[in-house]
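# Commentary on secondary and tertiary structure
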Amino acid sequence: MADAIDDRVTSILGQLRSHGGRATAARRATITVLLEAPRNHLSSEDIIREVRARQPEVAESTVYRALAALEDLGVVEHVHLGHGPSTYHLTGQAHQHLVCRQCGRVVEVPDSEFAELSERLSAGYGFEIDPRHFAILGRCRHCRSRRRNPATSDAGPA
Ligand SMILES: [Zn+2]
Ligand SMILES: [Zn+2]
Ligand SMILES: [Zn+2]
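Predicted, not measured: the structure shown is a model, and the values here were computed from it. (Residues numbered from 1 in each chain as written. Chains lettered and ligands numbered in written order. Predicted model: local features only at pLDDT ≥ 70, side-chain atom pairs only at ≥ 80, totals over all residues. Heavy atoms only, no water.)

### Some points on unusual backbone geometry
As a reminder of what qualifies: Numbered from the N terminus, helices here are DSSP runs of H or I no shorter than four residues, and strands are runs of E no shorter than two. Relative accessibility decides the category of a residue: with a 1.4 Å probe and only protein chains considered, values under 20% of the type maximum give buried, values over 50% give exposed, and everything between is partly exposed.
We note that His41 has phi near 50°; this positive angle belongs to a residue other than glycine. With respect to the helices, strands and loops of the structure, His41 is situated in the loop between α2 (25–36) and β1 (42–43). Residue classification places His41 among the buried residues on the basis of a relative accessible area of 11%.

### Some words on the coordination of the zinc ion (ligand 2)
Note the cut-off: Note: metal donors comprise N, O and S atoms at 2.8 Å or less from the metal (3.2 Å for Na, K and Ca); water molecules are not included, so apparent gaps in a site are possible.
Around the zinc ion (ligand 2), the protein contributes the donor atoms His78 (NE2), His80 (NE2) and His133 (NE2), which lie 2.0 to 2.1 Å from the metal centre. We note that the donor set of the zinc ion (ligand 2) lies within a single chain, spaced as H-x1-H-x52-H. Of this pair, His78 sits in strand β2 (residues 76–79) while His133 sits in the loop between α5 (115–125) and β6 (136–138); the two residues are 55 residues apart in sequence, bridging distant segments of the chain.

### So, the coordination of the zinc ion (ligand 1)
Here the zinc ion (ligand 1) is held by the protein donor atoms His41 (NE2), His89 (NE2), His95 (NE2), His97 (NE2) and Glu108 (OE), which lie 2.0 to 2.7 Å from it. Mapped onto the polypeptide sequence, the residues donating to the zinc ion (ligand 1) form the spacing pattern H-x47-H-x5-H-x1-H-x10-E. In this pair, His41 is assigned in the loop between α2 and β1 and His95 in the loop between β3 (87–90) and β4 (96–100), connecting sequence segments 54 residues apart. Judged by relative accessible area, which is 8%, His95 ranks as buried.

In short, geometric facts, not functional conclusions.
Below, the structure is given as structure tokens:
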């Protein structure tokens, strides 16, 4: 398992170098953290904590810069799951998110679910959607089946 992760880190770092990026220790650690927790939807603060658990000498700003560099190179992308801080994914593990407004559950679905909508909007409006950038909010199967909790928005006191 650890070896498989190592191989993937090495291959992503190779990708990074071929795009003119530098393969620093902080970038290696950042990629490792993202690879090891693909479904944990880590915020930049979570990533900093995890990276520093491995390499305490890495400065917070270094991790921010590593994330920015990895994003510029298309290796990492951030997504907004709701009102909180954005979370990070390796682009190789990208998927669309459905987020329940009631319980916060995150359902991951493949991009292909949006293919038809994507084609329709492109044909009708000439607009190319980026369906992954924001989550689709709604109510999950579990909350919908719980009848005592009628549909309410997540808006707090106005
Ligand atoms: Zn995700
Ligand atoms: Zn954004
Ligand atoms: Zn729910």
